[in-house]
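Here's the letter readout for the chains.
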Amino acid sequence: MCGIFAYLNFLLPRKRKFILETLVNGLKRLEYRGYDSAGVAFDVQGHMPSGDEGDNQQLLKIRLIKKQGKVNALNEEIFSQKDFELDSELSTHVGIAHTRWATHGVPNEVNSHPQRSSTDNEFVVVHNGIITNYKDIKLFLEEKGVKFESDTDTEVIPKFLKYLYELQLDTYPTFQELVEQVVHNLDGAYALVFKSSLFPGEVVAARRGSPLLIGVKTGRKSQSDIIPVTISEFSKGGRSLSATPHKPLLTPTSGEGRSFDHQEMSMEYFFASDASAIIEHTNRVIYLEDDDVAAVDGTGRLSIHHLKQGETDIPNSREIHTLKMKLQEIMRGSYDYFMQKEIFEQPESVVNTMRGRVNFDTETIVLGGLKDHISTMRRARRLLFIACGTSYHSTVATRQLLEELTEMPVMVELASDFLDRSVPIFRDDVVFFVSQSGETADTLNALKYCKPRGALCVGITNTVGSSISRETHCGVHINAGPEIGVASTKAYTSQFIALVMVGLVMSEDRISMQARRKAIIKDLQRLPGFIKEVLTLDGEILKLAKSLYQERSLIVMGRGYNFATCLEGALKIKELTYLHSEGILSGELKHGPLAMIDTQMPVIMIIMKDGVYTVSLLPVSNDSILMLVSFLLRNVSML
């Protein structure tokens, strides 16, 4: 759940105070992701060289300030320092910042990011993700006499970068070339942003398996919204650590020689792991693809290289997209928490999911993203839904209805387990990849597994321009709006609605299903009203929560459609309260889980007047069950 933010002002004088405030505010926009420490890197002395290379460059020094705890603590630490001038004006400057969720090493200032190449801070980096071969790189560097100070996997990156730089001093490698050599040797997932005192005014970013985007803000409108991509092919010899680094062989695309058309004008670049940190500065962004390396050089030019990893179909450009997000959408407003705000946004978010797609007058549904592929989907051998966490629960919730409407085999898969099992995939399969962010690593890896095997790949995401929305053949955006709360709420209900609409579209040619389809569409129209009615129970739910929050464990039980609600409810209880909770299919109570039930075990049961109403009441007769909560929704034919 780490967060990256970086800011480069080129030929646009900014006071150091403004730069630091921009970095800190960027981190605050990413606080919702969860973190245990934060840090920034910025220039504290010296100035840019004004022509000939010389001692001027040596005056540049990078200052790191890192703090365990909240971003506010980091902010206080920064502005309590007395060894640099806040009012100094910098014409060109690069600053990088990070919020860290500890995975390697305990939360402390040494393990926090940015990580550095040495005590001189020649190279510093911020990193989201996990480097799986860091121990091999660390051992290689330790054999060369390199000393390490942290327990992180990230520290090997700047130290390996410095090692390669010193190895090639006589060949004058560029900052981008050095970074390409480093990431060529990395295994795992990463989003990286680099800064160096040896390459002042330059920034390099790389991405594989972890989201990263670049915001662009110019003094005037550029003549082009397309960034050409140069393909970097490394020489044969594989990804190995050796005394001689592999230099990339640059293969020009049709746009070789051109980069972002800035025409020596003032520019601002914003690098972030999430659009919410950029939207207050600019709505023009570039989404980096896996194995992209983006660099802004000393002239302010943005260029993108793609490290070829065996692909045959590589786009030769990256488009500048316009974000539709608005700043007020990511503000908390009058609510105490983002999650609370998003819960109460659900009457509107489900309407937005259906807007322009469901015509309640004609009782028809049009999904523009799928219309060219519907005939293929109807001829499928089976439907597979692959997801993680809450998104997985949305597929469980709709599986029964999809089976009923399509009369096809429907499989739901946890992405990590799906990959572990190497499930056979056939050309006549239709595979749905469900992810709120569109960047879920396991789900993306499952997509990369299925796509070469010829299956039709369909994305269900909430994020326009995300990796899943770009890599799938077609899909549906759920249009729930930005979800800042880590524990998903409105995205879950919108995913549910989107999947129901998929089933309705696939069954529109079935005469036997017309009455059922019309009943479901009618109830979709009534759904926002039902959600508003449930939200009026806020006070009663608070009382119930107060009676339960000190319990050591909690069971949530149901069956049929409600089983998915039990799984999702138990997940939310675990995420938000750190209370042990299990979602149990009540039909399985007698096959083991009953051993957990005693007079001290609170049980919440989700029961509706649907097809399994009578059998759902059977466990209530068990005297050991302490608590029963029933939500009875009458006359809802969809359920």
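Up top you'll find the structure we're talking about.
Caption draft 1: Representation of the overall build of the protein. Along the backbone of the protein there are 18 helices and 28 strands. Taking contacts inside the protein between residues at least 6 apart in sequence as the whole, the part at least 24 apart equals 74%.

Caption draft 2: Quick look at the pattern of salt bridges. According to the stated counting rule, one finds 29 salt bridges in the structure shown. Notably, a salt bridge pairs Arg382 with Asp429, separated by 2.9 Å at the nearest N-O pair. Here the residue Arg382 occupies a position in strand E21 (residues 382-387), and Asp429 occupies one in strand E23 (residues 429-435), the gap between them amounting to 47 residues. For Glu413, the salt bridge is made with Arg421, and the minimal N-O distance between the two is 2.7 Å.

Caption draft 3: Molecular detail of helix H12 (residues 441-450). What H12 keeps buried is the set Thr443, Leu444, Ala446, Leu447, Tyr449 and Cys450. On its buried face, H12 is in contact with strand E10 (203-208), E21, helix H11 (415-421), E23, strand E24 (456-461) and helix H13 (467-471).

Caption draft 4: Broad picture of the environment of Met408. Mapping Met408 onto the fold places it in the loop between helix H10 (389-406) and strand E22 (410-414). Along the backbone, Met408 and Arg382 are 26 residues apart, and their C-alpha atoms lie at a distance of 5.9 Å. When neighbours within four sequence positions are excluded, Met408 is seen to be in contact with Met377, Arg378, Arg379, Ala380, Leu383, Glu403 and Met506.

Caption draft 5: Molecular detail of the packing of helix H1 (residues 16-29) against helix H3 (residues 71-79). Across the interface, H1 lies against H3 with an axial gap of 10 Å and an inter-helix angle of 170°. On the basis of their axis angle, the class for H1 and H3 is roughly antiparallel. Side by side, H1 and H3 meet where Lys17, Leu20, Glu21, Val24, Leu27 and Lys28 of the first sit next to Val71, Asn72, Leu74, Asn75, Ile78 and Phe79 of the second. When grouped by side-chain class, the residues that make up the contact of H1 with H3 number seven nonpolar, two polar and three charged.

Caption draft 6: Spatial organisation of the pairing of strand E17 (residues 302-307). Of all six residues in E17, five are buried; the element is thus mostly enclosed. One ladder, built from five bridges, connects strand E16 (residues 292-296) with E17; its direction is antiparallel. For Ala295, the partnering residue across the bridge sits in E17 and is Ser303. Between the antiparallel neighbours E16 and E17 lie five residues, among them Gly300 with a positive phi of about 85°.

Caption draft 7: Structural detail: helix H5 (residues 156-167). Spanning 12 residues, H5 covers 16 Å between terminal C-alpha atoms, matching the ideal 16 Å at 1.5 Å per step. With nine of 12 residues buried, H5 is to be regarded as a mostly interior element. Regarding H5, the residues found buried are Val156, Ile157, Pro158, Lys159, Phe160, Leu161, Lys162, Tyr163 and Leu164. Each element contacted by the buried residues of H5 is listed here: strand E7 (115-116), strand E8 (123-131), helix H4 (134-143), helix H6 (175-184) and strand E9 (188-196).

Caption draft 8: A look at the sheet that holds strand E27 (residues 580-585). Read across the open sheet, the three strands follow the order E27-E26-E28; overall the sheet is parallel. Of all the strands in the sheet, the pair left with one neighbour each is E27 and strand E28 (603-605). With direction set aside, neighbouring strand axes in the sheet form an average angle of 20°.

Caption draft 9: Broad picture of the side chain of Asp292. As for its position among the elements, Asp292 is in strand E16. The exposure class assigned to Asp292 is buried, which follows from its relative accessible area of 0%. Polar contacts involving the side chain of Asp292 include one to the main-chain amide nitrogen of Glu289, which spans 2.8 Å. Every residue in contact with Asp292, bar those within four places of it in the chain, is listed here: Ala205, Ala206, Arg207, Ile304, His305, His306 and Arg318.

Parameters and conventions
Residues numbered from 1 in each chain as written. Predicted model: local features only at pLDDT ≥ 70, side-chain atom pairs only at ≥ 80, totals over all residues. Heavy atoms only, no water. Helix = DSSP H or I, 4+ residues; strand = E, 2+ residues; numbered from the N terminus. Contact = heavy atoms within 4.5 Å. Salt bridge = Lys/Arg side-chain N within 4 Å of Asp/Glu carboxyl O. Buried < 20%, exposed > 50% of the residue type's maximum accessible area, 1.4 Å probe, protein only. Axes fitted to C-alpha atoms, helices over the stretch in contact; angles between N-to-C directions. Parallel < 35°, antiparallel > 145°, perpendicular 65-115°, else oblique. Nonpolar A, V, L, I, M, F, W, Y, C, P; charged D, E, K, R; others polar. Pairing = 2+ DSSP bridges. Expected span 1.5 Å × (residues − 1). Polar contact = N/O pair within 3.5 Å; in protein donor to acceptor, adjacent residues only side chain to side chain.

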